[in-house]
Amino acid sequence: MNKIYWTRFIHNEWRLYIAATENGLSYIGSQGKPYEEMEAWLAKRFPKYELVEDEKVLTPYMNELKEYLDGSRREFAMPVDLKGTAFQLAIWDALTKIPYGEKKSYSQIANLINNPTAVRAVGAAIGANPILITIPCHRVVAKSGALTGYRGGLEMKEKLLTLEMGER
């Protein structure tokens with residue numbers, strides 16, 4: 001049976017679950033959410049995998065996350081293992097192209113994938129992003145600039161944007 005390795009990432013005020021297959025990072029959870037959130041998310045997308053707690057396997061991923069949260073990393077180099085539709089994968093790829101410290105609107109993301117009428121579908125794909133922080137969906141805001149929905153909660157989104165804007 002294939003394995004998904006997981007651990008609880010704890011760094012300063014950050015408390016979240018992360019998981020990876022042998023191929024790469026598969027999940028970063030919401031700030032302060034329980035193990036069950038991760039378990040349900042992974043069971044749906046990786047049904048034939050066994051969850052195995054293993055901090056050592058996840059250390060390289062945790063190191064990059066710590067560097068980002070400490071302000072010394074702006075881009076992630078870690079491999080990822082994503083399960084999603086072709087549309088979701090295209091959206092998640094587009095999100096990785098939003099530069100550190102910048103924001104884009106949902107309609108700008110729809111335009112990036114050459115599908116300007118797909119704003120709602122873009123929002124749904126962003127909401128299904130399995131690896132918060134590393135696929136920077138926190139950089140997507142309403143056309144007005146207002147903070148809108150975020151799987152990790154608006155408080156987490158605001159913290160990440162504040163970190164990137166240098167307003168600590």
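About the cut-offs
- Residues numbered from 1 in each chain as written.
- Predicted model: local features only at pLDDT ≥ 70, side-chain atom pairs only at ≥ 80, totals over all residues.
- Heavy atoms only, no water.
- Helix = DSSP H or I, 4+ residues; strand = E, 2+ residues; numbered from the N terminus.
- Rg over C-alpha atoms; globule rule 2.2 N^0.38 Å.
- Buried < 20%, exposed > 50% of the residue type's maximum accessible area, 1.4 Å probe, protein only.
- Domains from an automatic or database assignment.
- Contact = heavy atoms within 4.5 Å.
- Buried area = accessible area lost by both parts, 1.4 Å probe.
- Salt bridge = Lys/Arg side-chain N within 4 Å of Asp/Glu carboxyl O.
- UniProt positions renumbered as here; feature names shortened; annotations may be inferred.
- Core = buried A, V, L, I, M, F, W, Y, C linked by side-chain atoms within 4.5 Å.
- Pairing = 2+ DSSP bridges.
- Axes fitted to C-alpha atoms, helices over the stretch in contact; angles between N-to-C directions.

Draft legend 1. Representation of the overall build of the protein chain in the model. Counting its regular elements, the protein chain contains 6 helices and 6 strands. The order of helices and strands in the protein chain, counted from the N terminus, is β-β-β-α-β-α-α-β-α-α-β-α. For the protein chain, the C-alpha radius of gyration of 15 Å lies close to 15 Å, the compact-globule estimate for 168 residues. Considering only C-alpha atoms, the protein chain reaches an extent of 45 × 35 × 25 Å along its principal axes. The buried share of the protein chain, reckoned over its 168 residues, is 44%.

Draft legend 2. Layout of the domain arrangement of the protein chain. Looking at the assigned domains, one finds that the protein chain contains domain 1 (2–70) and domain 2 (86–165). With 15 residues of domain 1 at the contact, the number on the domain 2 side is 17 residues. In terms of surface lost to domain 2, no three residues of domain 1 exceed I28, W41 and Y68, which account for 43% of the buried area on that side. On the surface where domain 1 and domain 2 come into contact, there are 1 salt bridge.

Draft legend 3. Representation of the UniProt feature "domain: Methylguanine DNA methyltransferase ribonuclease-like" (unreviewed entry) in the protein chain. Feature annotation in UniProt assigns "domain: Methylguanine DNA methyltransferase ribonuclease-like" (unreviewed entry) to the following positions: residues 14–82. In the segment residues 14–82, helix accounts for 38% and strand for 26%; the C-alpha atoms at its two ends are 23 Å apart.

Draft legend 4. The arrangement of the nonpolar core in detail. Core analysis: the biggest nonpolar cluster contains 39 residues, and I18 and L95 have the highest contact counts within it. For this core, the secondary-structure elements that each account for two or more residues are β1 (2–11), β2 (14–21), β3 (24–28), α2 (55–69), α3 (86–95), α4 (106–112), α5 (119–127) and α6 (154–165). In terms of residue count, the dominant contributor to this core is α2 (6 residues). Composition of this core by domain shows at least three residues from each of domain 1 (2–70) and domain 2 (86–165). Those residues in contact with I18 that lie beyond four places of it in its chain are Y5, W6, T7, F9, Y27, I28, M38, L58, Y61, M62 and L65. Membership of the second largest hydrophobic core comes to 10 residues, among which are Y17, Y35, L42 and F46.

Draft legend 5. Summary view of the pairing of β3. Among the 5 residues that make up β3, 5 are buried, leaving the element largely enclosed by the rest of the structure. The pairing of β2 with β3 spans 4 bridges and is classified as antiparallel. Across the sheet, A20 pairs through a bridge with L25, a residue of β3. Counting the residues in the hairpin turn of β2 and β3 gives 2 residues.

Draft legend 6. Representation of the sheet that holds β3 in the model. Taking strand neighbours across the sheet as the criterion, the 4 strands line up as β3-β2-β1-β4 in an open arrangement whose pairing is mixed. Strand pairing shows two members of the sheet lacking a second neighbour, β3 and β4 (49–53), which therefore form its edges. Each neighbouring strand pair of the sheet contributes to a mean axis angle of 30 degrees, computed without reference to strand direction. The pairing of β1 with β2 spans 7 bridges and is classified as antiparallel. Of the residues in β2, the one forming a bridge with T7 is I18.

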